[in-house]
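So the chains spell out like this:
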Amino acid sequence: MSDNQVNQNSGPFRVGDRVQLTGPKGKLNTISLEPGKVFHTHRGILAHDDIIGLPDGSVVTNNVGVEHLALRPLLNDFVMSMPRGAAIIYPKDAAQILAQADIFPGATVVEAGVGSGALSLWLLRAIGQSGRLASFERREEFADVARDNIATFLGYDPDNWTITLGDLADTLPDTMEPQSVDRVVLDMLAPWECLGVVSDALKPGGVLLCYVATVTQLSRVSEAIRGSGLYTNPDSNETMVRGWHVEGLAVRPDHRMIGHTGFLITARRLAPDTILPELKRRPSKTDFADADFEAWTPGALGERNVSAKSMRKRMRAAGTSAALSKGRELEVDGVSAGDDTVADGTGDNVDAG
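Here's what I pulled together on the structure shown here. These numbers come from a predicted model, not from an experiment.

### Topic: the pairing of strand β14 (residues 250–253)
- Two elements, strand β13 (residues 244–247) and β14, share four bridges in a ladder whose sense is antiparallel. Paired with His245 across the bridge in β14 is Arg252.
- In sequence, β13 turns back onto β14 through a hairpin of two residues, with Gly248 there showing a positive phi of about 65°.

### Overview of the sheet that holds strand β8 (residues 132–137)
- Strands sit in the order β9-β8-β7-β10-β11-β15-β12 across an open sheet of seven strands; the sheet is mixed. Both outer strands of the open sheet, β9 (161–165) and β12 (235–237), are each paired with one neighbouring strand and no more. In this sheet, adjacent strand axes meet at a mean angle of 15° when their direction is disregarded.
- Bridge count between strand β7 (residues 108–112) and β8: five bridges; the pairing is parallel. Bridged to Glu111 within β8 is Ser135.
- Across the face of the sheet, helix α3 (residues 91–100) comes into contact with β10 (181–186), β11 (202–212), β12 and β15 (263–268) while running at roughly 10° to β15.

### A look at the pattern of salt bridges
- Inspection of every chain in the model, using the stated rule, returns eight salt bridges.
- A salt bridge links Arg72 to Asp17; its shortest N-O distance comes to 2.8 Å. Of this pair, Arg72 sits in the loop between β6 (67–71) and α2 (75–81) while Asp17 is found in the loop between α1 (3–6) and β1 (18–22), placing the two residues 55 residues apart along the sequence. The exposure classification of Arg72 matches that of Asp17, with both residues buried.
- We note a salt bridge from Asp93 to Lys92, for which the minimum N-O separation is 3.3 Å.
- Classification of Asp93 by relative accessible area gives buried; the value is 0%.
- Within this structure, Asp17, Asp56 and Arg72 form a network of salt bridges that share partners.

### What about the packing of helix α5 (residues 140–154) against helix α10 (residues 308–325)?
- It is at 7 Å that the axes of α5 and α10 come closest, and there the two elements cross at 30°. With respect to α10, the axis of α5 lies roughly parallel. α5 and α10 meet at a crossing whose hand is left-handed. Contacts between α5 and α10 involve Glu141, Phe142, Asp144, Val145, Asp148, Asn149, Ala151 and Thr152 from the former and Met311, Arg314, Met315, Ala318, Gly319, Ser321, Ala322 and Ser325 from the latter.
- Its residues assigned to classes, the contact of α5 with α10 shows seven nonpolar, five polar and four charged.

### Digging into the packing of aromatic side chains
- Per the counting criterion, the structure on display carries one aromatic pair.
- Here the aromatic rings of Phe78 and Phe153 are separated by 5.1 Å at their centres, their planes lie at 45°, and the arrangement is tilted. With Phe78 in helix α2 and Phe153 in helix α5, this pair connects stretches of sequence that are 75 residues apart.
- Sitting above the plane of the Phe142 ring, Arg139 keeps its charged end 4.3 Å from the centroid.

Criteria and cut-off values
Residues numbered from 1 in each chain as written. Predicted model: local features only at pLDDT ≥ 70, side-chain atom pairs only at ≥ 80, totals over all residues. Heavy atoms only, no water. Pairing = 2+ DSSP bridges. Helix = DSSP H or I, 4+ residues; strand = E, 2+ residues; numbered from the N terminus. Axes fitted to C-alpha atoms, helices over the stretch in contact; angles between N-to-C directions. Contact = heavy atoms within 4.5 Å. Salt bridge = Lys/Arg side-chain N within 4 Å of Asp/Glu carboxyl O. Buried < 20%, exposed > 50% of the residue type's maximum accessible area, 1.4 Å probe, protein only. Parallel < 35°, antiparallel > 145°, perpendicular 65-115°, else oblique. Left-handed = near helix turned anticlockwise from the far one by under 90°. Nonpolar A, V, L, I, M, F, W, Y, C, P; charged D, E, K, R; others polar. Phe/Tyr/Trp six-rings, centres within 6.5 Å; stacked < 30°, edge-to-face > 60°. Lys NZ or Arg CZ within 6 Å of the ring centre and 35° of its normal.

In short, geometric facts, not functional conclusions.
Rendered as structure tokens:
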């Protein structure tokens, strides 16, 4: 890796950098710097050339005197505004995944599915250059958006990251050697279907973490982990974040908060032929009937699909940003290289409230 790749998040603003502009009312806009381009608002025009070369954290003034604070977006900011092929894992959950799965520098990590690449960015940062991230994704268009998003933020294609297309249950045995994986993170509709191949790939003592959205998924994957006899008893939790308004003596909770987004289930792989001691607990109603499985099927859980038209638009936006970040010229039919807003809630405009 070159010094430019290591230091791409510091130093003066360069062509291809993404810059987060904060207006006088706190509204955020993210742009990719291009020579000769301008950023339009309803209160004036700001030339990209006026930003290129300035240090990070500068204040720039547009043609009518309106000031904007220019900062490189943090990873937290980037994942919330990047083009999305699939729903992202929120930063609050990504932080807990890194902690609860104990992602460490040099780790070999398996991730499925990759979605839009949000969690992949956090994992790549945590494992460092000495680690390896193997991502698996069933849908090629999602994988393409993830590649472009990661190239946009990093400015290069990381050589310690691979995306394998196909079902994890079919492709993992051909990709990873048995007992060679330190951590497995599953963000999919039915993670219990992959439990067998994941168990073969994990090292003894390795961590399995599943991210699911509903209580029916939570129940089934927990029972599948427990019933396999290959793991410690699973732990389950969710994370909620509530901001606070602090201004002088006006100190109170924010009116809005980030509530439920998903459940995290973690368990550790036992050594071969190890039998977990039974926990002493009071008898409880834990059995379930065959009819209960209907509520656990992917169809009943309701997989959400993105329309083909919307998906093509998001792929074009992600590809344009990636090309700019890596210093290449790219023209996309129907989308200007300077178009910084993506429709359907996937663009870079964020209202800071």
